[in-house]
Amino acid sequence: MKRVLAAVAVLAGALGSAHAQDQELVSNPRGMVSSFDISNIGPILTEMGATWQEMKSEDGQPYIAVNVGGGLAMIIAPMACAGANYTSCIGMNTISFFQGVSMNYQTVAAFNQRFAFTSAYISQEGDVAFLSRYDIADYGIPRGNVASSLANFVALADRFRQELATAGRTVSLEGYPQDMSARFLNSKGFESLSGEKPLEPLTLHQAAIEESTELALKLVSSASTPRNKIENFTAKKK
């Protein structure tokens, strides 16, 4: 955890300085990995000080359950996989779920407007929020870039948790984008009928980005999905 926090501090407070350039998040940061397969991501997580284990969703899709310092849980799912059995994956979807208090839609919307690096969502019921990030590696990606993306995600996930914990519930939860899920299901139905599955990188990413919301909805319905507990500090002060 200390190494991850140090990495986050460097990225958040000293990016671009000579000091930041002297510190590396992982060894051989310019070494290339060809894909986001679990065999490539796992060693990077280990080097960064996170604990992780490979798991599978109820329909068999593999993902990595990650714990950072015992305090932050997140999911890393290889996406846009051109090979058999979820291999040669050129997309990586990182998600962190939060529940425990009634979530404020306005807080989630404001977070989205402020931080373009990630996307924040809220469940239709308003009791679960999640933060996601989609990375691509069409022609490979340096190990350092993977580590940097994950470290930045950890920093923003911690910020998101703080925002949720201190926000009041001031607005309704209207406008949840269920149409994204419907569009994805329609495309999967066409794929099933036609038997065609395009493998061009751009097409793979377009499909995987749409699938990201569906994956999150699928995972949040499973009791085995790791979650982060939110305590309402505003309520405690009253």
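Computed from a prediction, not measured in an experiment: that's the story for all the values here.

Asks: What exactly am I supposed to notice about the packing of helix α3 (residues 38-47) against helix α5 (residues 143-166) here?
Replies: Packed helices, taken two at a time, are described by the angle between their axes plus the distance between the axes. Two elements in contact, α3 and α5, have axes separated by 10 Å at closest approach and are oriented at 65°. The chirality of how α3 crosses α5 is right-handed. Only R143, V146, A147 and L150 of α5 make contact with α3, whose side of the interface consists of I41, P43, I44, L45 and E47. Its residues placed into classes, the contact of α3 with α5 shows 7 nonpolar, no polar and 2 charged.

Asks: Would you take a moment to explain the environment of I76 for this structure?
Replies: Along the polypeptide, I76 turns up in strand β4 (residues 72-83). For I76 and I95, which are 19 residues apart along the polypeptide, the C-alpha to C-alpha distance reads 6.5 Å. Those residues in contact with I76, other than ones at most four positions away along the chain, are I41, L45, Y63, I64, V66, M92, N93, T94 and L150.

Asks: When you look at the pattern of salt bridges in this model, what are you seeing that I'm missing?
Replies: Two side chains bearing opposite charge may form a pair once their charged atoms approach each other closely. Following the criterion strictly, the structure yields 5 salt bridges and no others. Here R143 makes a salt bridge to E47, at a shortest N to O gap of 2.8 Å. Of this pair, R143 sits in helix α5 while E47 sits in helix α3, and the two are 96 residues apart along the sequence. For D59, the salt bridge identified is with K218, shortest N-O distance 2.9 Å. Highlighted residues: D59 in the loop between β2 (51-56) and β3 (62-68) and K218 in helix α7 (residues 201-220), separated in sequence by 159 residues. According to the relative accessible area criterion, K218 is partly exposed, its value standing at 27%.

Conventions adopted
Residues numbered from 1 in each chain as written. Predicted model: local features only at pLDDT ≥ 70, side-chain atom pairs only at ≥ 80, totals over all residues. Heavy atoms only, no water. Axes fitted to C-alpha atoms, helices over the stretch in contact; angles between N-to-C directions. Helix = DSSP H or I, 4+ residues; strand = E, 2+ residues; numbered from the N terminus. Left-handed = near helix turned anticlockwise from the far one by under 90°. Contact = heavy atoms within 4.5 Å. Nonpolar A, V, L, I, M, F, W, Y, C, P; charged D, E, K, R; others polar. Salt bridge = Lys/Arg side-chain N within 4 Å of Asp/Glu carboxyl O. Buried < 20%, exposed > 50% of the residue type's maximum accessible area, 1.4 Å probe, protein only.

Purely geometric stuff here, so don't read any function into it on its own.
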